[in-house]
Amino acid sequence: MYPRSNGGGPPVALIIVGGMLLVFGGYFVWNGLVSFMSAQGDITAPVTQQANALIAQTQAIQAIPSPIVFPSATPPRICLDFRVSVVKARVRDCPKDSCTAHDTLYSQGALMCVYGPAPGATDWYEVNLRPTGSFPQIGYMSSSVLYAVNPTHRPTMTFTPLPTVTPVPITPTTPTASATVMSLPNPPSTAKPPKITAEP
């Protein structure tokens, strides 16, 4: 507890707290008086300055360019129209005969929305059981129980003959004989040289 003074007056701690409040109160009153005098008696000046500072900060924050990332829409998958070719057809949870079958059986001629061959199993089709709904309900049907309503025509193999070579007509030409005269060297003479005899 607080120590009591001997004279029965207020406690010392209360005097200290009161003195501190008096000092702080005097400081705030003096600070407010100085602000009032500097604003020339306009009591809204400090609030206006704070509002202007806040607006400047907001404009500085808005001036920083930030990239805007828009959500990208996933393109919808193309749905091909197929019909059921058997009396009753089942839809399964995965592209295998051992997978769980749905309760609904589709009768012959029922229109099915087919996305294409199932990944990893080309003899199964991936179908959407709710093509008009917001979220697709995917199932798998065997390709032996469905047929395409508008089948895509596949190009046939056509034989393209190889290009033919057209021979260029050759006109016969007769060679012209040209006589060339060759000069042969002189044959050695068979005459004997005369004998030269020396006179005494």
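Above this text is the structure in question.
Residues numbered from 1 in each chain as written. Predicted model: local features only at pLDDT ≥ 70, side-chain atom pairs only at ≥ 80, totals over all residues. Heavy atoms only, no water.

Enquirer: Describe the layout of surface pockets, with residues and values.
Expert: Put simply, the largest pocket is a space of about 300 Å³. In this structure, the largest pocket is lined by 11 residues; those nearest its centre are L80, F82, A148, P151 and T152. The element that contributes the greatest number of residues to the lining of the largest pocket is strand 1 (residues 80-84), accounting for three residues. For the lining of the largest pocket, the per-class residue count stands at six nonpolar, three polar and two charged. (1 Å grid on protein atoms, 1.4 Å probe; cavity = no way out; pocket = protein on both sides within 12 Å on 5 of 7 lines; lining within 4 Å. Points joined across faces, edges and corners; volume = space filled by probe spheres on them. Helix = DSSP H or I, 4+ residues; strand = E, 2+ residues; numbered from the N terminus. Nonpolar A, V, L, I, M, F, W, Y, C, P; charged D, E, K, R; others polar.)

Enquirer: Let's hear about the state of the cysteines: which residues, and what values?
Expert: What is meant by a disulfide is a covalent connection between two cysteines, made through their sulfur atoms. A full pass over the atoms with the stated rule returns two disulfides. Each sulfur of the disulfide joining C79 and C113 lies 1.8 Å from the other. One end of the pair, C79, is in the loop between helix 2 (45-63) and strand 1; the other, C113, is in strand 4 (residues 111-118), with 34 residues separating them in the sequence. Through a disulfide, C94 is tied to C99; the S-S separation comes to 1.3 Å. Looking down the S-S bond of the C94 and C99 bridge, the torsion is -50 degrees, so its handedness is left-handed. Look at C94 and you get partly exposed, because its relative accessible area is 24%. When the cysteines engaged in disulfides are numbered in sequence order, the protein pairs them as 1-4, 2-3. (Disulfide = S-S within 2.5 Å. Buried < 20%, exposed > 50% of the residue type's maximum accessible area, 1.4 Å probe, protein only.)

Enquirer: Which residues make up the packing of aromatic side chains, and what values go with them?
Expert: Any two aromatic rings considered together are summarised by their centre-to-centre distance and by the angle between their planes. Enumeration over the complete set of coordinates arrives at two aromatic pairs. A centroid spacing of 5.4 Å and a plane angle of 65 degrees characterise the contact between Y27 and F28, whose relative ring orientation is edge-to-face. Both residues of the pair, Y27 and F28, count as exposed. Cation over ring: R77 sits above Y115, and NZ or CZ is 4.1 Å from the ring centre. (Phe/Tyr/Trp six-rings, centres within 6.5 Å; stacked < 30°, edge-to-face > 60°. Lys NZ or Arg CZ within 6 Å of the ring centre and 35° of its normal.)

Enquirer: Give a detailed account of the nonpolar core, specifying residues and quantitative values.
Expert: Counting 14 residues, the largest nonpolar core has V84, Y106, M112, V114, V127, M141 and L146 as the members making the most contacts within it. Elements supplying a minimum of two residues to this core: strand 1, strand 4 and strand 5 (121-128). Aside from chain neighbours lying at most four places away, what touches V127 is V91, C113, V114, Q137, I138, G139, Y140, M141 and L146. (Core = buried A, V, L, I, M, F, W, Y, C linked by side-chain atoms within 4.5 Å. Contact = heavy atoms within 4.5 Å.)

Enquirer: Outline the pairing of strand 4, supporting the account with residue identities and numerical values.
Expert: By the criterion of burial, strand 4 is predominantly enclosed, with six of the eight residues buried. Strand direction decides the pairing type here: strand 1 and strand 4, joined by four bridges, are antiparallel. Within strand 4, the position partnered with L80 by the bridge is V114. Inspection of the sheet shows strand 4 paired to strand 5 by five bridges, in the antiparallel sense. When the sheet's bridge partners are listed, P117 is paired in strand 5 with Y125. Between strand 4 and the antiparallel strand that follows it, strand 5, lie two residues; G120 among them carries a positive phi value of about 85 degrees. (Pairing = 2+ DSSP bridges.)

Enquirer: Let's hear about the environment of Y140: which residues, and what values?
Expert: The topology assignment puts Y140 in strand 6 (residues 138-142). With relative accessibility at 15%, the residue Y140 sits in the buried group. Between the C-alpha atom of Y140 and that of A118, which follows or precedes it by 22 residues, the distance is 7.4 Å. Dropping the residues within four chain positions of it, Y140 is found in contact with R90, V91, R92, D93, C94, P95, A118, W124, Y125, E126 and V127.

Enquirer: Lay out helix 1 (residues 12-38) with the relevant residues and their values.
Expert: Taking 1.5 Å of rise per residue, 27 residues should cover 39 Å, and helix 1 covers 39 Å from first to last C-alpha, within 8% of that figure. Remark: Q40 follows helix 1 within two positions and exhibits a positive phi of approximately 60 degrees. (Expected span 1.5 Å × (residues − 1).)

Enquirer: Give me a nonpolar patch on the surface: which residues, what numbers.
Expert: Taken together, V12, I16, M20, F24, Y27 and F28 make up a surface patch of nonpolar side chains, about 660 Å² in accessible area. Looking at where I16 falls in the secondary structure, it is placed in helix 1. (Patch = residues over 30% accessible without salt bridge, like charges linked within 9 Å, V, L, I, M, F, W, Y side chains within 5 Å. Areas by Shrake-Rupley, 256 points an atom, 1.4 Å probe, with all protein chains shown as cover. Salt bridge = Lys/Arg side-chain N within 4 Å of Asp/Glu carboxyl O.)

Enquirer: If you had to explain the sheet that holds strand 5 to someone new, which residues and values would you point to?
Expert: Reading across from one edge, 6-5-4-1-7 is the order of the five strands in this open sheet, with antiparallel pairing throughout. A strand with exactly one partner marks an edge of an open sheet, and here the two such strands are strand 6 and strand 7 (146-148). Direction aside, the axes of adjacent strands within the sheet are offset by 50 degrees on average. Here five bridges tie strand 5 to strand 6, and the two strands are oriented antiparallel to one another. Looking at the pairing, V127 lines up with G139 of strand 6. (Axes fitted to C-alpha atoms, helices over the stretch in contact; angles between N-to-C directions.)

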